[in-house]
Structure formats: structure tokens, C-alpha cells
Amino acid sequence: MSDATRWVGARVPRKEDRRMLLGRGRFVSDMATAQTLHVAFVRSQYASATIRGIGTERAKKVDGVLEVFTSNDLGDPHLQAVLERDEFKPTRMPMLAHDRVRFVGEPIAVVIAEDAYAAEDGAEAVDVDYDVEPVVTNLDDALAPQAPEVHSGTGNCLVDLVMFDDPRLADIFANAHLTLNEVFRSGRVSGLPMEGRATLAEWDDRDGQVVVHTSTQVPHQVRSGIAQALDIPERMVRVIAPDVGGGFGQKCVVSREEVVLAKAAMLVRRPLVWVEDRQENLIGSVHGHEQQYDVTAAFDEHGKILGLAADVKCDIGAYSVFPFTCAVEPLMAATELPGIYKVPAYRARGRGVSTNKTPTAPYRGVSRPQIVLVMERLMEKAAARLGIDPIDIRRRNMILPGEFPYTGVNKITYDEGSYLESLDLTEKKITEAGWYAERDQLREQGLYAGIGFSCFSERTAYGTPTMSQRRMRMTPGYDTAHVRMDPSGEVIVTTGTCGHGQGHETTFAQIVADQLGVHPDQVRLRQGDTDLTSYGWGTFGSRSIVIGGGAARKAAGTVAAQLRKIAAHVLEVSEDDVVLADSKAGVRGVPDVQVPIAELARIVHFQAHQLPEDTRYGLEARETADPPGTFSNACHAVFVTIDPDTGEITARRFMVVEDCGVIINPLVVDGQVRGGVAQGIACALYEKITFDPEGQPTTTTLMDYLVPTATEICPIEIHHLETPSQFSENGSKGMGEGGTIGAPAAVLNAVNDALAHKGIQIDHIPVRPEDVLT
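Residues numbered from 1 in each chain as written. Predicted model: local features only at pLDDT ≥ 70, side-chain atom pairs only at ≥ 80, totals over all residues. Heavy atoms only, no water.

Caption draft 1: Focus on the pairing of strand 31 (residues 649–659). In terms of burial, strand 31 is a largely internal element, eight of the 11 residues being buried. Remark: six residues form the turn of the hairpin made by strand 30 (residues 630–642) and strand 31, two consecutive strands paired antiparallel; Gly 647 in that turn has positive phi of roughly 80°. Judged from the six bridges that link them, strand 31 and strand 32 (residues 716–721) form a sheet pairing that is parallel. Within strand 32, the residue paired with Glu 658 across the bridge is His 720. (Buried < 20%, exposed > 50% of the residue type's maximum accessible area, 1.4 Å probe, protein only. Helix = DSSP H or I, 4+ residues; strand = E, 2+ residues; numbered from the N terminus. Pairing = 2+ DSSP bridges.)

This is how it looks when you write it as C-alpha cells:
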């Protein structure tokens, strides 16, 4: 018998797709029954105000309304995210505002009714008496002396971190051949998942627990958040994530609404469901990425970077989200700004600034789209000033083959990557495809045309060794998988990850199938249920395949060893000669001697007495993975044109050369890359959440918040490199955010290339037609 077919690396169609395409997915909104009551939230109309009173009597008289709860009725539950650093100021986030409101859309009361229409009518009938107060809606105003404080005693700066400081920098900047002083800004965006937030909560008398079905990326963190807010043991809370229609970071924090529904269900003893509409999603769900970078960079006459200093300010909105805190974006930015470039001297300050706007959370990429944009724009600017080819200046500064593992000035060790190879291949491919010739031809026809690049790495799969450096009170990192084989030879895998569109049911099955010698169709993944899975940290930060998949591979390897031992006994051969392949256990080199794996499973479960004592009692294993993290990398190139009359920017072609280590499934990887690039183009050219001076949101529908459709996204050509990671059980690296990380910088560089002949430079995103015309 020969070795098995290798499933890892195969283009296996996603197992999830059939039920989704046939409308058989099971989302929160599909779970409501005739007994389910509907919930609507009363939300603040003002960005900053004292609440003088909340009148609920009129709402309780609305037909169909059964109950109206305020914070006092629920016991004033709250959450407080904590970073154990002196530079961090913790603030309480009430689940329902009761004394003051801090942003438009903040929940104040909850209405429970027989149907959604009555709940909405009831919410409109709740009378809230406000004493309106001054607001701060931007970074400069929030940090100004005597500015109104969002949280008393904080000075509107909830975290102020000086991560690195090199005393040589003053001399370096004073004496360098070229010193750049630049400001870069990125707009506030919404994750805007296809399915907004949704929660169904019900009390289970039999088990004495509240069961919360919710659209989340982090079921165990939701369970912990509910238990902490309500001051009850975690055993009294069961969280289940059914099918989840996207997240992009918006669902990787604990929502106030999840806690409120859990408590309300405990009080009314009826199932309660809340499904936010798109307006609620745009004003009440967390945002991301509103940042400003004031940067100084020094270069020598050959284009080598000598020093870098950055003051990073992140507008974190009104509250510090649970459990990540508001420090996640300034910490990420200050720590990882140098990226793939060898920076000899570095200083970084990161601040989280509170404003009277919707809170922000770890939106896809978490500051890395911004830091890549900063570094790539610096390379372009230095190249232009020094008369150096912009591709060549990147080569002169990046970490090169033979220099790995490389420990940077930021104390981060980068594992093996293909930074130079990906850049070289991208340049070769676009040249062969005629991009440069086409650009020149279009310029002759009167269009402004440009080509932009971005080179970057993506730190992925942050395990506990890395996450603990942030000093979060709740420190994520590890994940545990349980693999067991039933009597028919089918395999159940449970894991603490929580897929929401990534194809986990397929990729985890491929990993486990390779270890056990079975077909992926025989492997079923169970995740998202806190009563069924070991404590895990969910899915975010490009972690699932490396950490959750790594744990599953280890556990499956243990079960495979059990199978080989049992097969060796049954076939009367040495364990070392047993091969698991094609759902059979055979003997290497002897094709006629084999036994179905299902038969071995039957023997183990039903005839254990026939086996030696050390092989009895089940085929199962539980293993944990907790890596230090690993770096994937990519090079992006984009070809854009600009209409000189209208300012309209069109992305015409996009190319990605990416390296995420061992590829589990190329179809899934390509889908993640394309989706990420589309989201990155959206951030670069279209999407921006805006507010008026009074803190009122002005982008509350999809008529105002511009989301690109398929017609705005150009063809995306993808090429793969594979540099296996030494820190990953399966050699893979995370790749879920890379498309979004690299695309904005490439697009902005292309826009600037197109406008270079006008002497125009734009250093903010999104870039819209009016920016070009101005």
C-alpha cells in the first residue's frame, strides 16, 4: 500500500457553499419561532448629553409591547476593558446608558414586543429628557486644552504609549542627506458585513443557563463578557454562533446588545431576538481605522533609511471596547510601523483619543493598512527626491534573503519571508503584461494613468507569547482542538475558532484528513458553541489555520498514531509499517493487506475486549497550539486611470504576489485575497464614515456610505509563493487580512503616480474625485 493522497494544497471546493447557495444556511434571524419576542433599542439622538430622565409609560401602552427595560431594571450592567499599563486609563462602558450619552446611536433602553413592528413603535414612544452638552468630533479638538471631556478626568487620551525612543534620532534628522516631515491620514470606516449583528437569547430552565445565539467571531469572549457584566458564573451562559455572515472585526468584540438580550431573557423567560438594520449597523456598530500619522524619516544619498519617528493618533470614539481595549490600534501601529524595512533608529508614540463618535474596534488589518501606507509613501517620496527608481529604493531597504530570522529595531523577530522575491516577480509580471506601455499610451490620449506598488508583511497568528506583551487583562492566543472518530469511522473536530465565511469546514477537514488517511467528506467541524468546545479565542487576526488548524493537526496526529497501533495489532505487523490512506489502514509495500479504517473504529468502540489494554476505549485526542506568531508577506501592484475632467479614479488592473507559507486550499486563499483587495480598494477610494460638527453621523445609509460593487472592482491576478513557517504545525501562515493591508497603499501610490506631472501629492485615504479636482 502506498502513502495517501495529499489533501493539503488541493483545490477542494468549499463544503459550506452548497447549503449557502441553496438557502440552507442557518443564521440567527432564521432561528426565531412563533414564541420568540422581538427587541428594539432606544438610541441616543445626541452625541453628548446628560440624561435627566427616561419615561417608559407611553411606550408600555403601545399595542404589542410587553416590557421596556432601562439600565436600572437590568441591574446597571457594565463592562470595563483593561490594559495593565500605567499609560492606559480604563473607562466603564454601561450596557445601557443611564446618566449620560457619549455618541449618537448609544443604546439607552430596550423594548420587548410581540413583533418587530411593535418593538420599533415602542422604541419611538420612549421619552428621554436630555441636557445637551458640547461635543468633540476630531483629534485636534479632542486634544486641545480645555476641550470637553468624553470621560471625566481623562483629557480625552485613554492611552499614550511611547514604545521606542532612540536618543540618536535628533542628530540623524539634523545631519541626514534627506529628511522628510510628512502627515498621513486615513478615514473612519465600517466593516459592513452582509449580515449585521444579530442575537437570539433564551433561558433554559433544564440547564439553568441563558443560551445566546449570536452572530459573532468570538463566542467564548462573548460568554465571558456576559458573565462578567451580569456577575454570574460562566456555566450559566452558553453562547452559540450559528452561520455568521461576515465580521471583518466588527463582531470580534462583545456587543452591549448581546449582554442586554441575555439579561432580558433571564427576566422575561421567553426567547428574544434582535436583528439590527443597516442604519443601526452604520451608526451603532463599531467602526475602525480613523488615524493620523505625523512622521519624520531620514535617508542617506543612496536612499537607505537612517531613522524614523512617528506620532500616531487614533480616534477611538466614545468607549474602550471589550476585551481588546482602545489600545489595540495605537499599539499595533507604534510597534509594527517599520514593517519589512531595516530601520536603524526608531521612535514611536501611539495615542488613543476619545471623541463623541461610535467606538472603534479591530477592523480588518488593525492599523497595518495605515502603517504600510506610511512606509510605502515614504519610499516613494524619498525616491522622487533622490532621483532613485521607487522599486530600487525598496530593494535597498527591505530585509533580504539570508538575513532571516531578522530582529528589527522594534524588537520583533521576522521569520523567513520572500520580500525581495515577491517584489521582483510582481515587477516582472506587470512588465510582461504591458502595464508600463499601456500607461504611457493612455497618458498620450489625455488620461492620467499611474502604477502603484506596496510591499509588506502581515504578522499573523498572535499566540500568547506575543499577545501577553500587550498586557491585556484577558490575554488571547492559544487554541485547543479535539478530534474524535465515531464507530463508523467518521471524524468530529471541535475547535475554539469561529469561521464566518473563511471556509473553515473545508480547510480544517483537509488538514485532519491528511493525518488520518480519510476523505475530507468524512471530517465534520464543530465550532462556535461554548458548551461543546474548549475555551478558545475565536477568529480574528489571521489566526485560525495556524493556531486552530495547528491544534487540529496535532490532535489528528495523535489519533492517527492510535489507529496505527490498533491496525498493527489487527494485521499483525509493526506499527512502523502501517500506512493510513484512502480510508484504509494497510501495510507499506504489501497492497493486499489492509483493513478499512471504519472497521478499526468499529472494533475500538464495540469490541474493545479484543484489543490490548493500551489501545482500548476510543479514538480521540485533545491538543493545544500556542505559537509565537509568523509573518506572511506580499507585493501588490495596481494600475489606475483618472479622468481629468471629473476626477473619477478607476482601478483597471490589480496584481498580487503573496506568500502565506504552505497553502491549505488555493481556492480559499484566492477568495480571501480577492475579498481583502476589494475591501482595501474600498478604503482607498470610496468608504468613509463622516459626522457633522454636532457629532451627528452623516453616512447612515448605503446612499451616503459608498460601498463598491463588482463593477468598481477590477480584475485581480494572483500568484503564490510558499515559504513554510517554522513556527506553524502545518507550515502555513495567516493570510486573512493581507489583501486589505496592502491595497490602500498601492492604490494611493498609483494615484500619485498618475498626478505626478501636476506636482500634486495626496497623502490621505479615501481619495475621491473631489480631492483630485481640488
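Caption draft 2: Quick peek at the environment of Val 218. Checked against the element boundaries, Val 218 lands in the loop between strand 13 (209–214) and helix 7 (219–230). Accessibility expressed as a relative area gives 1% for Val 218, which makes it buried. Expressed as a C-alpha distance, the spacing of Val 218 and Lys 251, which sit 33 residues apart in the sequence, is 7.4 Å. Setting aside residues up to four positions removed in sequence, Val 218 forms contacts with Lys 251, Cys 252, Val 253, Trp 537, Gly 538 and Phe 540. (Contact = heavy atoms within 4.5 Å.)

Caption draft 3: Representation of the nonpolar core. Among the nonpolar cores identified, the biggest contains 162 residues, and Ile 226, Leu 308, Leu 378 and Phe 654 are the most heavily contacted of them. No other element matches the 10 residues that helix 20 (residues 738–755) contributes to this core. Not counting residues within four places of it along the chain, the set of residues in contact with Leu 308 comprises Leu 169, Phe 173, Val 295, Thr 296, Ala 297, Leu 337, Val 343, Ala 345, Tyr 346, Arg 347, Met 375 and Leu 378. Formed by 48 residues, the second largest nonpolar core is a distinct cluster that contains Val 483, Met 485, Ile 545 and Val 546. (Core = buried A, V, L, I, M, F, W, Y, C linked by side-chain atoms within 4.5 Å.)

Caption draft 4: Just the sheet that holds strand 24 (residues 491–495), in detail. Ordered by their spatial adjacency, four strands build an open sheet running 25-24-23-29, and the pairing between neighbours is mixed. Sheet topology places strand 25 (523–527) and strand 29 (619–625) at the edges, where each strand pairs with a single neighbour. If you compare each strand with its neighbour and ignore which way they point, the axes differ by 15° on average. Relative to strand 25, strand 24 runs parallel, the two sharing five bridges. Across the sheet, residue Thr 494 finds its bridge partner in strand 25, namely Arg 526. (Axes fitted to C-alpha atoms, helices over the stretch in contact; angles between N-to-C directions.)

Caption draft 5: Spotlight on helix 8 (residues 256–268). Between its terminal C-alpha atoms helix 8 stretches 18 Å, which fits the 18 Å expected from 13 residues at 1.5 Å a residue. The buried fraction of helix 8 is high, at 10 of 13 residues. Of all the residues in helix 8, the buried ones are Arg 256, Glu 257, Glu 258, Val 259, Val 260, Leu 261, Ala 262, Ala 264, Ala 265 and Met 266. Arg 269 lies just past helix 8 and shows a positive phi near 60°. (Expected span 1.5 Å × (residues − 1).)

Caption draft 6: Expanded view of the packing of aromatic side chains. Inspection of the entire model under this criterion finds 11 aromatic pairs. Considering the side-chain rings of Phe 404 and Tyr 419, the 5.3 Å spacing of their centres and the 80° angle between planes classify their relative orientation as edge-to-face. Placement of the pair is Phe 404 in the loop between helix 12 (390–397) and strand 20 (406–407) and Tyr 419 in helix 13 (residues 419–432), with a sequence separation of 15 residues. Ring geometry for Tyr 478 and Trp 537: centres 6.1 Å apart, planes at 85°, overall edge-to-face. (Phe/Tyr/Trp six-rings, centres within 6.5 Å; stacked < 30°, edge-to-face > 60°.)

Caption draft 7: Inspection of the pattern of salt bridges at higher detail. Within this structure, the stated rule accounts for 48 salt bridges. As a salt-bridge pair, Arg 347 and Asp 165 come within 3.6 Å of each other at their nearest N and O atoms. Highlighted residues: Arg 347 in strand 19 (residues 346–354) and Asp 165 in the loop between strand 9 (157–164) and helix 6 (169–175), separated in sequence by 182 residues. When the shortest N-O distance is used, the salt bridge between Asp 294 and Lys 313 registers 3.1 Å. Within this pair, whereas Asp 294 is found in strand 17 (residues 291–299), its partner Lys 313 is found in strand 18 (residues 305–317), the two being separated by 19 residues in sequence. We classify Lys 313 as buried; its relative accessible area is 8%. Beyond isolated ion pairs, a larger network of salt bridges with shared partners links Arg 43, Arg 197, Glu 257, Glu 276 and Glu 280. (Salt bridge = Lys/Arg side-chain N within 4 Å of Asp/Glu carboxyl O.)

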